[in-house]
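Fold and contact review
The lines below spell out each chain.
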Amino acid sequence: MTTEDELIASDILRLHCPMLIELAKLIADPQVRNKGTIGGDIAHGDPGNDHLGLMLVLNAQFVINFPP
Ligand SMILES: Cc1cc2nc3c(=O)[nH]c(=O)nc-3n(C[C@H](O)[C@H](O)[C@H](O)COP(=O)(O)OP(=O)(O)OC[C@H]3O[C@@H](n4cnc5c(N)ncnc54)[C@H](O)[C@@H]3O)c2cc1C
């Protein structure tokens, strides 16, 4: 539920993972960055979405929770 704008404003990311901030700044326009989330960008399954490539580079791991 974390929006792109929240990623961009995060001091923790600025310190530990500034690449994520730089990528979030490149996504679309202010309206999309204000509403779009990192989770939605990845889960949406659009191969053109930018977070997917960075997640591969970072060797990201995900915890998937299925509703009961
Ligand atoms: C005009 C426009 C331009 C865009 N340009 C870019 C771009 O340049 N680069 C880019 O990378 N993306 C771009 N996008 C995609 C955008 O950044 C959003 O990621 C995308 O629209 C999904 O929206 P959302 O994050 O609100 O997710 P939602 O629409 O809320 O969710 C999308 C799907 O993912 C599921 N989902 C959401 N969050 C989670 C979660 N945490 N766990 C599991 N499933 C989840 C939802 O159930 C749904 O099926 C663009 C979108 C638009 C409309």
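Residues numbered from 1 in each chain as written. Predicted model: local features only at pLDDT ≥ 70, side-chain atom pairs only at ≥ 80, totals over all residues. Heavy atoms only, no water.

**Describing the UniProt feature "domain: Molybdopterin dehydrogenase FAD-binding" (unreviewed entry) in the protein chain**
Under the local residue numbering, the UniProt record ascribes the feature "domain: Molybdopterin dehydrogenase FAD-binding" (unreviewed entry) to residues 2-65. Helix makes up 62% of residues 2-65 and strand 0%, whereas the separation of the span's terminal C-alpha atoms amounts to 17 Å. (UniProt positions renumbered as here; feature names shortened; annotations may be inferred. Helix = DSSP H or I, 4+ residues; strand = E, 2+ residues; numbered from the N terminus.)

**Some points on the site of the ligand**
Neighbouring the ligand are 13 residues, the closest being Ala 28, Thr 37, Asp 41, Asn 49 and Asp 50. Residue Gly 40 places a main-chain N or O atom 3.5 Å away from a nitrogen atom belonging to the ligand. Side-chain polar atom of Asp 41 to an oxygen atom of the ligand: 2.7 Å apart, as the coordinates give it. For the ligand, whose free accessible area comes to 960 Å², the fraction covered by protein is 46%. Secondary-structure elements contributing two or more residues to the shell around the ligand are helix H4 (30-35) and helix H5 (38-43). Counting residues per element, the shell around the ligand draws most heavily on H5, which supplies four residues. Of the residues assigned to the shell around the ligand, the class counts are four nonpolar, six polar and three charged. (Near = heavy atom within 4 Å. Polar contact = N/O pair within 3.5 Å; in protein donor to acceptor, adjacent residues only side chain to side chain. Areas by Shrake-Rupley, 256 points an atom, 1.4 Å probe, with all protein chains shown as cover. Nonpolar A, V, L, I, M, F, W, Y, C, P; charged D, E, K, R; others polar.)

**Some remarks on helix H6 (residues 50-57)**
Within an α-helix, residues lying three or four positions from one another point in the same direction, as the helix has 3.6 residues per turn. Of all the positions in H6, only His 51, Leu 54 and Met 55 are classed as buried. Seen along its axis, H6 keeps its buried residues to an arc of 105°; they face one direction. Residues Leu 56 and Val 57 are exposed on H6 and point more than 90 degrees away from its buried face. Of the surrounding secondary structure, the elements contacted by the buried residues of H6 are helix H1 (4-8), helix H3 (18-26) and H5. (Buried < 20%, exposed > 50% of the residue type's maximum accessible area, 1.4 Å probe, protein only. Arc of directions from axis to C-beta. Contact = heavy atoms within 4.5 Å.)

**Description of the layout of surface pockets**
One number sums up the size of the largest pocket: a volume of about 170 Å³. Together, Ile 38, Gly 39, Gly 40, Ile 42, Ala 43, Met 55, Phe 62, Val 63, Ile 64 and Asn 65 line the largest pocket. Ranked by residues supplied to the lining of the largest pocket, first place goes to H5 with five residues. Taken together, the residues of the lining of the largest pocket break down into seven nonpolar, three polar and no charged. (1 Å grid on protein atoms, 1.4 Å probe; cavity = no way out; pocket = protein on both sides within 12 Å on 5 of 7 lines; lining within 4 Å. Points joined across faces, edges and corners; volume = space filled by probe spheres on them.)

**Here's the deal with the nonpolar core**
One finds Leu 7, Leu 13, Leu 20, Ile 38 and Met 55 to be the most contacted residues of the largest nonpolar core, which totals 13 residues. Looking at this core, the elements with two or more residues in it are H1, H3, H5 and H6. Counting residues per element, this core draws most heavily on H3, which supplies four residues. In this view, Leu 13 contacts Leu 7, Pro 18, Leu 20 and Ile 21; residues no more than four positions away in its chain are not counted. (Core = buried A, V, L, I, M, F, W, Y, C linked by side-chain atoms within 4.5 Å.)

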